[in-house]
Amino acid sequence: ETGVTQTPRHLVMGMTNKKSLKCEQHLGHNAMYWYKQSAKKPLELMFVYNFKEQTENNSVPSRFSPECPNSSHLFLHLHTLQPEDSALYLCASSSRTGAGYGYTFGSGTRLTVV
Amino acid sequence: GESVGLHLPTLSVQEGDNSIINCAYSNSASDYFIWYKQESGKGPQFIIDIRSNMDKRQGQRVTVLLNKTVKHLSLQIAATQPGDSAVYFCAENEQAGTALIFGKGTTLSVSS
C-alpha cells in the first residue's frame, strides 16, 4: 500500500451508466490529481486540486466530473462515457503543487466502457 | 507543445548488467525531474528525483544524470535484477508549474 487507495480496482460500465471512482489518501497531502493512462501513451493529466480547490482542468470532456470534498478524498464521476475512455485512471497526491514535490500514486482503476 | 519523451520504448538486459534508460525533454523552463517505476497492476512508484541545479544524484543502485545543455535525463540502474523489470517513466515540472508532465515510458525486461 502506498498510502493512496483507489476503488474500485476494476470497473466495467455501459455507455449510458453513471459511476464514480474514489481516491483516498492519509498522507497529509494537500494536492490531489487525476491522470489517465492509455496503452502506448504518456500519462495524461486530467485534473488538479490544491487545498480542495480545482486549479487545473486539462481540457477534459464534461462527461468526466471531479469532486474534492476535502484534502483526503477525490472522486471522478463518470457519465455517458465512450469506448475510447477505457483506460487506467490513476489518482496521485503530493504535499502541494509545484516543482519539487514527488507524487504518491494509487494502484488505479481499470475502466472498461462497453 | 512542450513534451517529455523517452528514446526507446523497450530495453532488454541480462541480470547483473547495468541498465541505462534515457529521456529527452523540450521545456527549457523545467526545474524538477523525477523517475518513476510502474510494475504490472500497480501505480507508478517514485524512484529518484533531481533539481535543475544539479547534474547527478545517486540513490541505492540508481543514479540520475541531468544534462541541461542538451535537455537529456538518464536513469542508471546498477546490477539489474529481475525485480527491476517494469515500465520506467521520466516526468518534469516547472518551478511555477502545477503538475508533473510524463513521458511515454521504457519497458525494461531483465532476463536471468
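Computed from a prediction, not measured in an experiment: that's the story for all the values here.

(A) Molecular detail of the overall build of chain A. Across its full length, chain A holds 0 helices and 11 strands. The order of helices and strands in chain A, counted from the N terminus, is β-β-β-β-β-β-β-β-β-β-β. In terms of C-alpha radius of gyration, chain A reaches 13 Å, essentially the compact-globule figure of 13 Å for 114 residues. By its C-alpha atoms, chain A is 40 × 30 × 30 Å across when sized along the principal axes. Buried residues in chain A amount to 46% of all 114 residues. For chain A, the accessible surface area stands at approximately 5,300 Å², while carbon and sulfur atoms represent 48% of it.

(B) Fine view of the state of the cysteines. In the structure shown here, the tally under the stated rule is 2 disulfides over all chains. Note that A:Cys23 is cross-linked by a disulfide to A:Cys91, the S-S spacing being 1.9 Å. On the S-S bond that ties A:Cys23 to A:Cys91, the torsion sits near -75°, and the link is left-handed. Here the residue A:Cys23 occupies a position in strand S3 (residues 18-25), and A:Cys91 occupies one in strand S9 (residues 87-94), the gap between them amounting to 68 residues. With respect to burial, A:Cys23 and A:Cys91 carry one shared label: buried. A sulfur-sulfur separation of 1.8 Å characterises the disulfide bridge that pairs B:Cys23 with B:Cys90.

(C) Spotlight on the pattern of salt bridges. Counting across every chain of the model gives 6 salt bridges over all chains. Between A:Asp85 and A:Arg63 there is a salt bridge whose closest N-O contact spans 2.7 Å. With A:Asp85 in the loop between strand S8 (73-79) and S9 and A:Arg63 in the loop between strand S6 (53-57) and strand S7 (64-70), the pair connects residues that are 22 residues apart, well separated along the chain. Among the ionic pairs, B:Arg51 bridges to B:Asp31, the shortest N-O distance being 2.7 Å. Taken together, the residues span a long stretch of sequence, with B:Arg51 in strand S5 (residues 45-51) and B:Asp31 in strand S4 (residues 30-38) at a distance of 20 residues. Note on B:Arg51: relative accessible area 31%, which makes it partly exposed.

(D) Representation of the side chain of B:Glu92 in the model. Here B:Glu92 is to be found in strand S9 (residues 86-94). It is B:Arg51 that comes nearest to the buried, bridge-free B:Glu92 among opposite-charge side chains, at 11 Å.

(E) Molecular detail of the packing of aromatic side chains. Throughout the structure, instances matching the rule amount to 12 aromatic pairs over all chains. Ring centres 5.8 Å apart and planes at 35° place the aromatic pair A:Phe64 and A:Tyr89 in the tilted group. Note that A:Phe64 is positioned in strand S7 and A:Tyr89 in strand S9, a separation of 25 residues in sequence. Side by side, A:Phe64 and A:Tyr89 carry an identical accessibility label, which is buried. A ring pair is formed by A:Phe105 and B:Tyr36, whose centres lie 5.5 Å apart and whose planes are at 90°; its orientation type is edge-to-face. With one member in each of two chains, A:Phe105 in strand S10 (residues 104-105) and B:Tyr36 in strand S4 form a pair that bridges those chains. Take A:Phe105 and B:Tyr36: they sit in the same class, and that class is buried. Three or more aromatic residues joined by ring pairs make a cluster, and in this case those are A:Tyr33, A:Tyr35, A:Tyr103, A:Phe105, B:Tyr36, B:Phe46, B:Phe89 and B:Phe102.

Criteria and cut-off values
- Residues numbered from 1 in each chain as written.
- Chains lettered and ligands numbered in written order.
- Predicted model: local features only at pLDDT ≥ 70, side-chain atom pairs only at ≥ 80, totals over all residues.
- Heavy atoms only, no water.
- Helix = DSSP H or I, 4+ residues; strand = E, 2+ residues; numbered from the N terminus.
- Rg over C-alpha atoms; globule rule 2.2 N^0.38 Å.
- Buried < 20%, exposed > 50% of the residue type's maximum accessible area, 1.4 Å probe, protein only.
- Areas by Shrake-Rupley, 256 points an atom, 1.4 Å probe, with all protein chains shown as cover.
- Disulfide = S-S within 2.5 Å.
- Salt bridge = Lys/Arg side-chain N within 4 Å of Asp/Glu carboxyl O.
- Lys, Arg positive; Asp, Glu negative; His and termini not counted.
- Phe/Tyr/Trp six-rings, centres within 6.5 Å; stacked < 30°, edge-to-face > 60°.

Read these as geometric descriptors, not functional statements.
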